Amino acid sequence: MKTLDVGCGPIKETGAFGIDHESFAGVDLVHDLDSRPWPIADSSFDRAHASHIIEHVDDLIGFFRELHRVCAPGADVRVVTPHFTNRCAYLDPTHRRYLSVRFVDFIADVPPWFPANRFAVARNYLGEHHHSYRPMLSGMFELREIRLTFARIFRWLGVEWLANRKPDFYEFFLAYIAPARDIVATLRVVKEE
C-alpha cells in the first residue's frame, strides 16, 4: 500500500512518500503545495496522510482537488488540523484558517445538516445560525469519520464523548468553555478506476 505523507515535515510517516515545502531530512519531494499540479502522477497512492498542513495552504479547495488527483480510487485520506478553539491554532502566524468540524460540508459528500428538536429551539433563542451548503468538491470524497480530540481533563469530564456525538451543539454552545485540540477526518476518494 503506497502512502503519501503531505506536509510531512521532519517526522515523516514510516514507509510513506513525503512531500513538503522544506527540505527536512527524509522528505522525498520538496515542493510548494500551493503550486499545482504537484509533480506526482495521477492515482499514485492508496492512502494519504495530511497532518497539520491544511491550515497553512492558500487554496484549501485546490489542495483537496490535487489530493484527489494523486490518490487512487477508494484511497483513504486522513486529515488532522487544529480546531478553531485550539489556542495553538492562533500561535503560528503561518496559519491561514481556523476550522470547524463542518469544514467537511464543503469538501466531502455528507448528509445535509439542519437543526432539529431542542437544539433548533435553543439555536433560535441564542441567535446562532448555520446554513448547510453543497460541497464544492461534490462526488470527489466521501466522509468516513470525523471526530474531535481533547485534552485529558475534557476526556475525563465526558466533553469529548458529547462533542463527538453532538458536534454542532458542542461548537455552538460549549466550544469556548471546553476547547478542543484537533479535528481528525477520514475521507474516501471517489473516482472511476
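Structure first, text after, so check above.
These figures come from a predicted structure and were not determined experimentally. (Residues numbered from 1 in each chain as written. Predicted model: local features only at pLDDT ≥ 70, side-chain atom pairs only at ≥ 80, totals over all residues. Heavy atoms only, no water.)

## Looking at the overall build of the chain
For clarity, the threshold we go by: Each helix is a run of H or I in the DSSP string that is no shorter than four residues. Each strand is a run of E no shorter than two, and both are numbered from the N terminus. Categorising residues by exposure relies on relative accessible area from a 1.4 Å probe, with only protein chains included: less than 20% of the type maximum marks a residue as buried, more than 50% marks it as exposed, and the intermediate range marks it as partly exposed. Any pair of residues with heavy atoms lying within 4.5 Å of one another is described as a contacting pair. The protein chains shown are the only cover counted for residues, whose accessible areas, like all others here, come from Shrake-Rupley with a 1.4 Å probe.
Check the secondary structure of the chain and you find 7 helices and 7 strands. Going residue by residue from the N terminus, the α and β elements of the chain occur as β-β-β-β-α-β-α-α-α-β-α-α-α-β. Residue burial in the chain is summarised as follows: out of 193 residues, 47% are buried. In the chain, the share of contacts with a sequence separation of at least 24, taken over all contacts with a separation of at least 6, comes to 71%. Accessible surface, the chain: about 10600 Å² in total, of which carbon and sulfur atoms supply 54%.

## A word on the sheet that holds strand E7 (residues 182-189)
Think of a sheet as strands paired side by side through backbone hydrogen bonds, with each pair either parallel or antiparallel. What counts here: Any two strands with at least two DSSP-identified bridges between them are counted as paired. Angular values range over 0 to 180 degrees, each being the angle between N-to-C directions of two axes fitted as lines to C-alpha atoms, with helices fitted over their stretch in contact.
Reading across from one edge, E3-E2-E1-E4-E5-E7-E6 is the order of the 7 strands in this open sheet, with mixed pairing throughout. Each edge of the sheet is formed by a strand with only one pairing partner; in this case those strands are strand E3 (29-30) and strand E6 (141-148). Of the strands in this sheet, strand E1 (3-6), strand E4 (45-51), strand E5 (71-82), E6 and E7 are in contact with helix H1 (residues 60-70), which crosses E5 at around 145 degrees.

## Some details on the pattern of salt bridges
It is possible for side chains bearing opposite charge to pair when their charged atoms get close. The criterion, for reference: Salt bridge, as applied in this entry: a Lys or Arg side-chain nitrogen positioned within 4 Å of an Asp or Glu carboxyl oxygen.
Tallied over the full model, the rule gives 10 salt bridges. A salt bridge links Arg-47 to Glu-13, with the nearest nitrogen and oxygen atoms 2.5 Å apart. Within this pair, whereas Arg-47 is found in strand E4, its partner Glu-13 is found in the loop between E1 and strand E2 (17-20), the two being separated by 34 residues in sequence. Using a relative accessible area of 24% as the deciding quantity, one classes Arg-47 as partly exposed.

## A look at the layout of surface pockets
Note the cut-off: Here a cavity is any set of points on a 1 Å grid over the protein atoms alone where a 1.4 Å probe fits but cannot get out, and a pocket is any open set with protein on both sides within 12 Å along at least 5 of 7 lines; a residue lines the site when it has an atom within 4 Å of a point. Grid points are joined across faces, edges and corners, and a volume is the space filled by probe spheres set on the points. When residues are sorted by character, Ala, Val, Leu, Ile, Met, Phe, Trp, Tyr, Cys and Pro go into the nonpolar class, Asp, Glu, Lys and Arg into the charged class, and all the rest, Gly among them, into the polar class.
When its volume is computed, the largest pocket comes out at roughly 430 Å³. In terms of lining, the largest pocket is formed by 20 residues, of which the most central are Asp-20, His-21, His-52, Ile-53 and His-56. Its residues placed into classes, the lining of the largest pocket shows 6 nonpolar, 8 polar and 6 charged.

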